[in-house]
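Below, each chain spelled out in residue letters.
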Amino acid sequence: MRALVVDREAPGRLRLTTVPDPAPGPGEVLVRVHATSLNYGEIPTELNTAPEGAVPGWDAAGVVERAAPSGGGPAPGARVVTWGRSGGWAELRTVRVDDLAVLPSEVSFAQAAAVPVAGLTALRSLRQAGVMPGQRVAITGASGGVGHFAVQLARRLGAEVYALVGNPARGAGLVELGAHHVLVDPKELDAPLDVVLDNVGGPQLAEILGHMAQGGTVVSIGATSWQDTPLAPYQLVKGQLRLIGFQPGDGFAADLSHLVGLVAAGQLDPGVGSVTSWHEAGSAIDDLLARRLRGKAVLTLGP
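Visitor: Account for the overall build of the protein chain, naming residues and giving values.
Guide: Counting its secondary structure elements, the protein chain contains 9 helices and 15 strands. Against the 2.2 N^0.38 benchmark of 19 Å for 303 residues, the protein chain shows a C-alpha radius of gyration of 19 Å, consistent with a compact globule. Counting the 303 residues in the protein chain, one finds 51% classified as buried. Pairs at least 24 residues apart make up 69% of the contacts formed inside the protein chain by residues separated by at least 6 positions. If you sum the accessible surface of the protein chain, you get close to 12,600 Å²; carbon and sulfur atoms cover 54% of it.

Visitor: If you had to explain the side chain of D99 to someone new, which residues and values would you point to?
Guide: Structurally, D99 can be placed in the loop between strand 6 (92-96) and strand 7 (100-102). Among all residues touching D99, those that are not within four sequence positions of it are V81, T82, W83, G251, F252, A253 and L256.

Visitor: If you had to explain the layout of surface pockets to someone new, which residues and values would you point to?
Guide: Roughly 1,100 Å³ of internal volume is contained in the largest pocket. Lining the largest pocket are 49 residues; nearest its centre among them are Y40, G41, V146, G222 and T224. The element best represented in the lining of the largest pocket is helix 3 (residues 116-129), accounting for 4 residues. For the lining of the largest pocket, the class distribution of residues is 24 nonpolar, 19 polar and 6 charged.

Visitor: Account for the nonpolar core, with residues named and values stated.
Guide: Counting 51 residues, the largest nonpolar core has V137, I139, V151 and L153 as its most contacted members. If one sorts the elements of this core by residue count, helix 3 sits on top with 7 residues. Leaving out residues up to four positions away in the same chain, L153 has contacts with G119, A122, L123, L126, L259, L262 and L268. By size, the runner-up hydrophobic cluster in this structure holds 20 residues, among which are W278, L288, L293 and A297.

Visitor: Break down helix 4 (residues 145-156) for me, with residues and values.
Guide: Compared with an ideal rise of 1.5 Å per residue, which puts 12 residues at 16 Å, helix 4 spans 17 Å between its outermost C-alpha atoms and is within 8% of the ideal. The element helix 4 is extensively covered by neighbouring structure, given that 10 of its 12 residues are classed as buried. Along helix 4, the residues classified as buried are G145, V146, G147, H148, F149, A150, V151, Q152, L153 and A154.

Definitions and limits used
- Residues numbered from 1 in each chain as written.
- Predicted model: local features only at pLDDT ≥ 70, side-chain atom pairs only at ≥ 80, totals over all residues.
- Heavy atoms only, no water.
- Helix = DSSP H or I, 4+ residues; strand = E, 2+ residues; numbered from the N terminus.
- Rg over C-alpha atoms; globule rule 2.2 N^0.38 Å.
- Buried < 20%, exposed > 50% of the residue type's maximum accessible area, 1.4 Å probe, protein only.
- Contact = heavy atoms within 4.5 Å.
- Areas by Shrake-Rupley, 256 points an atom, 1.4 Å probe, with all protein chains shown as cover.
- 1 Å grid on protein atoms, 1.4 Å probe; cavity = no way out; pocket = protein on both sides within 12 Å on 5 of 7 lines; lining within 4 Å.
- Points joined across faces, edges and corners; volume = space filled by probe spheres on them.
- Nonpolar A, V, L, I, M, F, W, Y, C, P; charged D, E, K, R; others polar.
- Core = buried A, V, L, I, M, F, W, Y, C linked by side-chain atoms within 4.5 Å.
- Expected span 1.5 Å × (residues − 1).

Put into structure tokens, the structure is as follows:
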């Protein structure tokens, strides 16, 4: 099969080449990938630390080529969306049957490929924070992949949603997705926050902690600012704040099915920012890292 592999001497540190087909384990299906997507968090991790020749890729959507040897999961020919810790940037990937969902006919492969990591992170971080109707929920980095989903899902939970973005242009469209307020600076906050989903970290997170309601919860998802967060002494103690480091967990099938069901019903926008051939992966990665792209970058596999 063809795959994008880590090659730190190549442009973009990726090379399209031929590698052996993966062999599914007892509880895994073999999927022929039609579309995959890029996640801001996976690029430095995979391209800087993965072994040379490794096939990166967390998100992928395609068609089941071979059913699981154990007999579980969908049959060959089923359209599916998948999550895995590697292998998504290839023509074939193996995936556990509890980490995939069958796609409704209304959802395209490109839409589906945008869902897994960003959608699951948003859904499970809101669940981890215990968001309730009427709470004030802030989402930093709201124009990114996770933020795009989190704004919509927080609104569905009945929260008052504050979307924080890097500049006014990146806030375009967030009100239509469900944000009640779109801000570029925490100083603009007009009321104490009950929950923060933080994708940015750095000084902005430290400032937001000063705007929390007593007993508020912060879920730290990422740190795209790549800056240290300077906490004042007893800042968490004084406000009785909870600061939680998010981890996705496992067993994603039910949540993936829920998310693509919402997409199929027109109740969730997967936020596809661009769709290009995987031959253009290097350019897509550059656009993502340089913040020239709003939403998810999707790569389609083809000649």
